[in-house]
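# Report on the structure
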Amino acid sequence: MTVLTKEACREIIARRVAKELKSGDVITLGIGLPTEVAYYIPTDIEVFLQSENGMIGGGARDFNAFENARITNAGGLPVTTREGAVFFDTAMSFTIIRGGHVDVTVLGALQVDSHGNLANWMIPGAFVPGMGGAMDLTVGAKKVIIAMEHTTSKGEARIVKDCNIPLTAEHEVDMIITERAVIEVAPQGLILKEINKAFTLEEVISSTEAELIVAPADIKYFG
């Protein structure tokens, strides 16, 4: 079994997610791994990063933030801004989200299941500060991409037949991107579209609890 560091997994996932974006998209990146997608957006496209805390036109993380340390992404980390960036209150931000004006949202997850259900906000018995904007984003965005590691730190599957922890949203996930695979959520089930070249088809299937629809001749490779 191929073993990758956590840092390598995050970079592979973020790079692959960035390839799903296209010019003109309004994109919301969730807390954690999804915010790293901003580093890898192709230079030949123009997209508009929307932060649920009240901004359109953000960029990648700003490691030299001093005076502008209050300009942050959804995770509270300082970010750069692009020319023309605009700022507004949270009410306007969620009006944009709930009004269907976000083309793509990229979110992390604890589990995704074969029905396109998402669980990403709590583990029973563990303290959580709240759901955040994930419930609104999954319903309001035109496309929902889940960016997460394929398994837990204990090697347990995150892509499961049925979620067994509290759901964030039902039937809203469109695509799952991990360090091992790209999976499309379709009415007929989970379709395996791409495999990381570092892994075999057998490794992907064995580390996925949910049944995958596999057509070997149609699978592409990335990484």
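Residues numbered from 1 in each chain as written. Predicted model: local features only at pLDDT ≥ 70, side-chain atom pairs only at ≥ 80, totals over all residues. Heavy atoms only, no water.

## A word on the overall build of the chain
For clarity, the cut-off: Under the DSSP-based scheme used, a helix requires at least four consecutive residues in state H or I and a strand at least two consecutive residues in state E, with every element numbered from the N terminus. Each radius of gyration reported is based on C-alpha atoms, and the globular scaling rule is 2.2 Å times the count of residues to the power 0.38. Three exposure classes are used, based on accessible area relative to the maximum for each residue type with a 1.4 Å probe and protein chains only: buried under 20%, partly exposed in between, and exposed over 50%. In what follows, a contact means two residues having at least one pair of non-hydrogen atoms within 4.5 Å. In this description, accessible areas are obtained by the Shrake-Rupley approach with a 1.4 Å probe, and a residue is regarded as covered only by the protein chains that are shown.
Scanning the chain for helices and strands turns up 4 helices and 14 strands. Against the 2.2 N^0.38 benchmark of 17 Å for 223 residues, the chain shows a C-alpha radius of gyration of 17 Å, consistent with a compact globule. Its C-alpha atoms give the chain principal-axis dimensions of about 50 × 35 × 30 Å. A burial count over the chain gives 49% of its 223 residues as buried. Summarising the internal contacts of the chain: among those between residues at least 6 apart in sequence, 62% fall at separations of at least 24. Surface accessibility of the chain: about 11,400 Å² in total, with carbon and sulfur atoms responsible for 53%.

## Quick look at the packing of aromatic side chains
Selection criterion: Only Phe, Tyr and Trp rings take part, Trp by its six-membered ring, and two of them pair if their centres are within 6.5 Å. Stacked means planes under 30 degrees apart, edge-to-face means over 60, and tilted covers everything else.
Inspection of the entire model under this criterion finds 1 aromatic pair. Here tyrosine 39 and tyrosine 40 contribute two aromatic rings whose centre-to-centre distance is 6.1 Å and whose plane-to-plane angle is 80°, an arrangement assigned as edge-to-face. Judged by its relative accessible area of 38%, tyrosine 39 falls in the partly exposed class. The class of tyrosine 40 is partly exposed, set by a relative accessible area of 21%.

## With respect to the nonpolar core
To be explicit about the condition: We call a set of buried residues a nonpolar core when its members are Ala, Val, Leu, Ile, Met, Phe, Trp, Tyr or Cys and they connect through side-chain atoms within 4.5 Å of each other.
With 31 residues, the main nonpolar core has Val112, Ile146, Ile176, Ile183 and Leu192 as its most contacted residues. Mapped by element, the contributors of at least two residues to this core are α2 (90-98), α3 (134-140), β8 (143-147), β11 (181-186) and β12 (189-196). With near-sequence residues (within four places) excluded, leucine 192 lies in contact with Ala181, Val182, Ile183, Leu201, Val204, Leu212, Ile213, Val214 and Ile219. Core analysis: the next-biggest nonpolar cluster, separate from the first, contains 22 residues, Val17, Ile41, Val104 and Met175 among them.

## A word on helix α1 (residues 6-18)
The cut-off we apply is this: Working rule for helices: expected span equals 1.5 Å times residues minus one.
In this model, α1 (13 residues) spans 18 Å end to end at C-alpha, consistent with the 18 Å of a helix rising 1.5 Å per residue. Taken as a whole, α1 has its buried residues at Cys9, Ile13, Ala14, Arg16, Val17 and Ala18.

## Comments concerning the side chain of asparagine 117
Short version of the rule: We define a polar contact as two N or O atoms separated by no more than 3.5 Å, with the added condition that, inside protein, one atom must be a possible hydrogen donor and the other a possible acceptor, whereas residues neighbouring each other in sequence contribute only through side-chain atom pairs.
Among the structural elements, asparagine 117 can be located in the loop between β6 (111-113) and β7 (118-119). Engagement of the side chain of asparagine 117 in a polar contact is seen with the backbone nitrogen of histidine 171, the distance being 2.8 Å. The residues touching asparagine 117, leaving out its near neighbours within four places in the chain, are Gln111, Val112, Cys163, Leu167, Ala169, Glu170, His171 and Val173.

## Regarding the sheet that holds β6
Rule in force here: For two strands to count as paired, DSSP must find a minimum of two bridges between them.
In space, the 3 strands of this open sheet follow the order β7-β6-β9, with mixed pairing throughout. The sheet terminates laterally at β7 and β9 (159-160), the two strands that pair on one side only. Alignment of β6 against β7, held across 2 bridges, turns out to be antiparallel. Residue pairing for β7: valine 112 is matched across the bridge by leucine 118.

## With respect to the pairing of strand β5 (residues 104-107)
Every second residue of β5 is oriented toward a common face, with Val104 and Val106 on one face and Thr105 and Leu107 on the other, all of them buried. Across 3 bridges, strand β1 (residues 26-29) lies against β5 in parallel orientation. Residue pairing across strands places threonine 28 opposite threonine 105, the latter belonging to β5. Relative to β8, β5 runs parallel, the two being bridged by 4 bridges. Pairing of valine 104 across the sheet is with lysine 143, part of β8.

## Quick word on α2
Selection rule: The directions from the helix axis to the C-beta atoms form the arc being described.
Within α2, burial applies to Ser93, Phe94, Ile96 and Ile97. The buried residues of α2 occupy an angular sector of 150° when projected down its axis, which confines them to one face. Of the residues in α2, the exposed ones pointing more than 90 degrees away from the buried face are Ala91 and Arg98. Packing partners of the buried residues in α2 comprise β2 (48-51), β3 (55-61) and α3.

## As for the pattern of salt bridges
Our working rule: When a carboxyl oxygen of Asp or Glu is within 4 Å of a side-chain nitrogen of Lys or Arg, the pair counts as a salt bridge.
Tallied over the full model, the rule gives 12 salt bridges. Members of the salt-bridge network, linked through shared partners, are Arg16, Glu20, Lys143 and Glu194.

## Section: the confidence of the model for the chain
Caution applies to low-pLDDT parts of the model: their predicted coordinates are not meant to be read in detail. Definition in use: Summary of the metric used: pLDDT quantifies the predictor's per-residue confidence within the range 0 to 100.
The predicted model of the chain averages 93 in pLDDT, with 98% of residues at 70 or higher. When mean pLDDT is compared element by element in the chain, strand β10 (residues 175-177) scores highest at 99, while β3 scores lowest at 91.

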